[in-house]
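# Breakdown of the fold
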Number of protein chains: 2
Amino acid sequence: MSTLKGNCLVAQSGGPTSVINASACGVIQEALKAQEIDKVYAALHGVAGILNEDLFLLNEEKPEEVELLKVTPASALGSCRYKLKSIEASEGDYKRILEVFEAHNIRYFFYIGGNDSMDTANKVSQYAQRVGYELKAMGVPKTIDDDLPITDHTPGFGSTAKFIATSLKEVGLDARVYDYQTVTICELMGRNAGWITASAALAKDKEDDAPHFIYLPEIPFSFEQFEADVKSALQKYNYAVVAVSEGIKNAEGKYIAELGAENLTRDAFGHAQLGGVCDVLQSYVQKNICKKVRTVNYSSIQRCAAHCASLTDNEEAYMAGQMAVRYALEGNTGKMVGLIREAGPEYKCTTQLIDLNDVANIEKKIPREWVNEAGNFVTQEVIDYIKPLIAGEVKLQMVNGVPRYSRLEKKLVEKKLESWNVK
Amino acid sequence: MSTLKGNCLVAQSGGPTSVINASACGVIQEALKAQEIDKVYAALHGVAGILNEDLFLLNEEKPEEVELLKVTPASALGSCRYKLKSIEASEGDYKRILEVFEAHNIRYFFYIGGNDSMDTANKVSQYAQRVGYELKAMGVPKTIDDDLPITDHTPGFGSTAKFIATSLKEVGLDARVYDYQTVTICELMGRNAGWITASAALAKDKEDDAPHFIYLPEIPFSFEQFEADVKSALQKYNYAVVAVSEGIKNAEGKYIAELGAENLTRDAFGHAQLGGVCDVLQSYVQKNICKKVRTVNYSSIQRCAAHCASLTDNEEAYMAGQMAVRYALEGNTGKMVGLIREAGPEYKCTTQLIDLNDVANIEKKIPREWVNEAGNFVTQEVIDYIKPLIAGEVKLQMVNGVPRYSRLEKKLVEKKLESWNVK
């Protein structure tokens, strides 16, 4: 074990998920037990909170509220979209982070997030090594998009997939009750990777069940094929339900959402903020196929539906946090906790260490061979891949008919440094 | 008990709910047990299916699939939007219905639906009496909107309210994670009655929790007040979440959705088909308040989320179906099964008979005194009214991580009459 003693800091970044707090809980509860770790700090709003020295102590939170983090959706520690530039371009940020760490004797840093956050954890680890500040920095992966490379899958995805499969099954039943033709367009998240949209396939038991077609961002979208697809479903089943990714593009690489969106904006990372694919397709269907079209845009519902979380995902998220602490105590830094699907007929998941250099800013997409020839549905491989990830239900504490979720006090500790202004 | 012997027919109409099949199951299982009733028919697609003589036998369905109807969302028997005109205007329809009933010796008719369906059940009962056809026709209420009069509440509402309260709590947590100001606009169903939208209030525990404001169709909507409301929430909490009914109108009575909707259509009853309120408000917020706005349109997700159904609602829906059969066997006709909230500190619900003449086409709205003075939130009375209706969780049979729902064979019986063409 490590001889490095000091405090630890945990922070969250990027978009929330149903289980990112389960990972935080894993980190916190494991760190609270560790002999090498004295105080367990959290930064409010990710790396922005570190720069601002907005820290609070988990040691001072009620243990039952910390325990409730296991089942609480969204980012209880607060999130940010602040992206650290390269060390060369913005050394001041890195210097400041280590000043804050030093002021609070933080020697272990756990950053829970997606692609960009893994990049941040990596750079902080590298900078600490460069300037000789003793620090173990670990990335704990989360993303509903499941687009991180190397790791078999990512905490957060399974719960979104379970909710989508469940809700789409219900919306599919809802869509088929009438005696006239109807089209239902379900819009799902996943800008460049289609895993969430693909999970709609798990709603389907029989051929006539929804969804009838799935349109992924990996496959160029054609209105002609879409029209033929929808018409064929209407003819066979009298209703058509399609699942479509927010990020589908035409053969020229233009987002379908952009064809109709008036208010397209870009987020802090320059990513196009999408939305409105279903509106574009609705207009198309009404003009060319059928007047009765309903759109179902799952929006943020899909990433925080903890009432329908996957127990498997939830337990793995906790394990990823827990293992991050253990790996750090063993002396590791600049690594991410990955998930391994063990070989064999029974699903079994263990962890591995992945070098953050191999992860940062690489997206895992659905391979072409996991999509059918027509490009309008996924193959059995995708279903087999997702099925174990959505298994099991999380037990919630219900109060007055709704789940009780964690509420932390987040009382900020006294600042020791000059103030800093994160832009 | 009744000496009237024969077959019975059950049918569903209007929009689906999470528990309309629980009511059907109550009717079916009670009818299958009844000595006076021989065969239990269902009409495919409501009254349209009766006119078309599209009938199938529940006696021939697998009992486990009938049992599964208890937890299955949407209308398993099929629904329709076909509206019978008055007896004077369209006597042919009524004559045809009784011909179909006579051909299959149907003497008990149970129609599960909302306002329009109660009207249909009433007219069929009246016409049968007029022409001397012995028939007991009963209405079994369902509507997520909870807008039927006299009955304390309506099966279907509690489950939608529970899902909305749950999901809005989650979306509220999701909406508050960032370190910059965000506005989230949640659009909910309920064209003229605000009960569903009001149920968002049950997501809120503390003042800073979502939703911060609730805009009901009963209260004229003012953009000025909306802007002041949202700005005050942003100032106090750094985020604002509002719940808004699809049917809000301005002081002149114009739908807010119509201010921006391009594709406004009218359904078969001449009701304006709404949608897009959240888009209109999103544009307004982006122009006048804050660039970061997310819309969450619950669309059909909210009316079929059986995975989050209320056990209370589910059991009452079953009871309503069961009691409809018992009341009919006692000789009643032209009545609806209403729900009574018994006086006392503990919530207890029993049934009553309501004359269908007193129900049809009357809408129960939220009284002005159950809305705060500013018109932007509901009072404690609404919360106390809804709270017991969302209590308890339904146990689902899970297969591969998703709920298993009923699948009926619906093998149509041989027709005995000439064909008929429902327009």
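Residues numbered from 1 in each chain as written. Chains lettered and ligands numbered in written order. Predicted model: local features only at pLDDT ≥ 70, side-chain atom pairs only at ≥ 80, totals over all residues.

### Quick notes on the relation of the copies chain A and chain B
Heads up, the rule is: Only residues with pLDDT of at least 70 in both copies contribute their C-alpha atoms to the least-squares superposition of the copies. By the criterion used throughout, residues are in contact when their C-beta atoms, derived from the backbone, lie within 7 Å.
Under the fitted operation, chain A is carried onto chain B by 0.0 Å of movement along the axis and a turn of 180°, and the coordinates agree to an RMSD of 0.0 Å. This pairing of chains is accounted for by a two-fold axis. Considering only C-alpha atoms, the part of chain A nearest the rotation axis is Asn-297 of chain A, at 3.4 Å. When the interface residues of chain A are mapped onto chain B, 100% of them are again interface residues, pointing to one common binding face.

### A few points about the sheet that holds strand S7 (residues 213-215) of chain A
All names here are of chain A. Operational definition: Between any two strands, pairing holds if DSSP finds at least two bridges. Where helices and strands are cited, they refer to DSSP runs of H or I of at least four residues and of E of at least two residues respectively, numbered from the N terminus. Note on geometry: axes are lines fitted to C-alpha atoms, helical ones only across the stretch in contact, with angles between N-to-C directions running from 0 to 180 degrees.
One open sheet holds the four strands; their spatial order is S7-S8-S6-S11, and the pairing between them is parallel. Single-partner strands in this sheet number two, and they are S7 and strand S11 (293-297). Across the sheet, the axes of successive neighbouring strands diverge by a mean angle of 20°, strand direction being ignored. Where strand S6 (residues 182-188) meets strand S8 (residues 239-245), seven bridges bridge the pair, whose relative direction is parallel. Paired with Cys-186 across the bridge in S8 is Ala-243. Across the face of the sheet, helix H6 (residues 157-175) comes into contact with S6, S8 and S11 while running at roughly 165° to S6. Packing of helix H9 (residues 277-288) onto the sheet brings it into contact with S6, S8 and S11, and relative to S11 it is tilted by some 170°.

### Concerning the sheet that holds strand S7 (residues 213-215) of chain B
All names here are of chain B. Taken in spatial order, the four strands line up as S7-S8-S6-S11 in an open sheet, and their pairing is parallel. For this open sheet the edge positions go to S7 and strand S11 (293-297), each flanked by a neighbour on one side alone. For this sheet, the mean angle separating the axes of adjacent strands, direction not counted, is 20°. Each of strand S6 (182-188), strand S8 (239-245) and S11 is contacted by helix H6 (residues 157-175), which is oriented at about 165° to S6, the strand it contacts most. The strands touched by helix H9 (residues 277-288) are S6, S8 and S11; relative to S11, the strand with the most contacts, the crossing angle is about 170°.

### A word on the interface of chain A and chain B
The condition that has to hold: Note on residue categories: nonpolar means Ala, Val, Leu, Ile, Met, Phe, Trp, Tyr, Cys or Pro, charged means Asp, Glu, Lys or Arg, and polar means any other residue, Gly included.
The partner chain B presents 52 residues to the 51 residues of chain A that form the contact. Secondary-structure elements contributing two or more residues to the side of chain A that touches chain B are H6, S11 and strand S15 (402-403) of chain A. Of all the elements, H6 of chain A adds the most residues to the side of chain A that touches chain B, at nine residues. Partitioned by chemical class, the residues of the side of chain A that touches chain B number 24 nonpolar, 17 polar and ten charged.

### Some words on the domain arrangement of chain A
Note: interface size is frequently given as the accessible area lost on complex formation between the parts. All names here are of chain A. This is how it is decided: Marked domain ranges trace back to an automatic or database domain assignment.
On domain assignment, one finds that chain A holds domain 1 (6-143 + 308-361 + 397-403) and domain 2 (157-306). The centre of domain 1, based on its C-alpha atoms, is set 33 Å off from the matching centre of domain 2. Taken residue by residue, the interface counts 20 residues in domain 1 and 14 residues in domain 2. With three residues, the top contributor of residues to the side of domain 1 that touches domain 2 is helix H10 (residues 311-329). Tallied by class, the residues present in the side of domain 1 that touches domain 2 amount to eight nonpolar, eight polar and four charged.

### Points about the nonpolar core
Filter applied, for reference: By definition, a nonpolar core groups buried Ala, Val, Leu, Ile, Met, Phe, Trp, Tyr and Cys residues that connect through C-beta atoms lying within 7 Å of each other. Here a residue counts as buried when 20 or more other C-beta atoms fall within 10 Å of its C-beta, as exposed when 12 or fewer do, and as partly exposed in between; the C-beta atoms come from the backbone.
Ranked by internal contacts, the top residues of the largest apolar core, which has 284 residues, are Cys-186 of chain A together with Cys-186 of chain B. The residues touching Cys-186 of chain A, leaving out its near neighbours within four places in the chain, are Leu-168, Val-171, Ala-200, Pro-211, Val-241, Val-242, Ala-243, Val-244, Val-296 and Tyr-298 of chain A.

### Re the packing of helix H1 (residues 20-33) of chain A against H10 of chain A
All names here are of chain A. Stated formally: These descriptions rest on fixed angle ranges, namely under 35 degrees for roughly parallel, over 145 for roughly antiparallel, 65 to 115 for roughly perpendicular, and the rest for oblique. A clockwise turn of the near helix away from the far one marks a right-handed crossing, whereas an anticlockwise turn of less than a right angle marks a left-handed crossing.
At a closest axis distance of 7 Å, the pairing of H1 and H10 adopts a crossing angle of 40°. It follows from the interaxial angle that H1 and H10 lie oblique. Classified by chirality, the crossing of H10 by H1 is right-handed. In this structure, H1 uses Ala-22, Ser-23, Ala-24, Cys-25, Gly-26, Val-27, Glu-30 and Ala-31 to contact H10, whose residues at the interface are Asn-314, Ala-317, Tyr-318, Met-319, Ala-320, Gly-321, Gln-322, Ala-324, Val-325 and Arg-326. In terms of residue class, the contact of H1 with H10 is made up of eleven nonpolar, five polar and two charged.

### A look at the environment of Tyr-180 of chain A
If you trace the backbone, Tyr-180 of chain A turns up in the loop between H6 and S6. Taking the C-beta count within 10 Å as the criterion, Tyr-180 of chain A has 15 such neighbours and is therefore assigned partly exposed.

### So, unusual backbone geometry
Residue and element names in this part refer to chain A. Omega for the peptide link from Ala-210 to Pro-211 comes to -5°, which places this bond in the cis form. By secondary structure assignment, the location of Pro-211 is in the loop between helix H7 (195-198) and S7. One non-glycine residue with positive phi stands out, namely Ile-150, at about 70°. With respect to the helices and strands, Ile-150 occurs in the loop between strand S5 (136-141) and H6.

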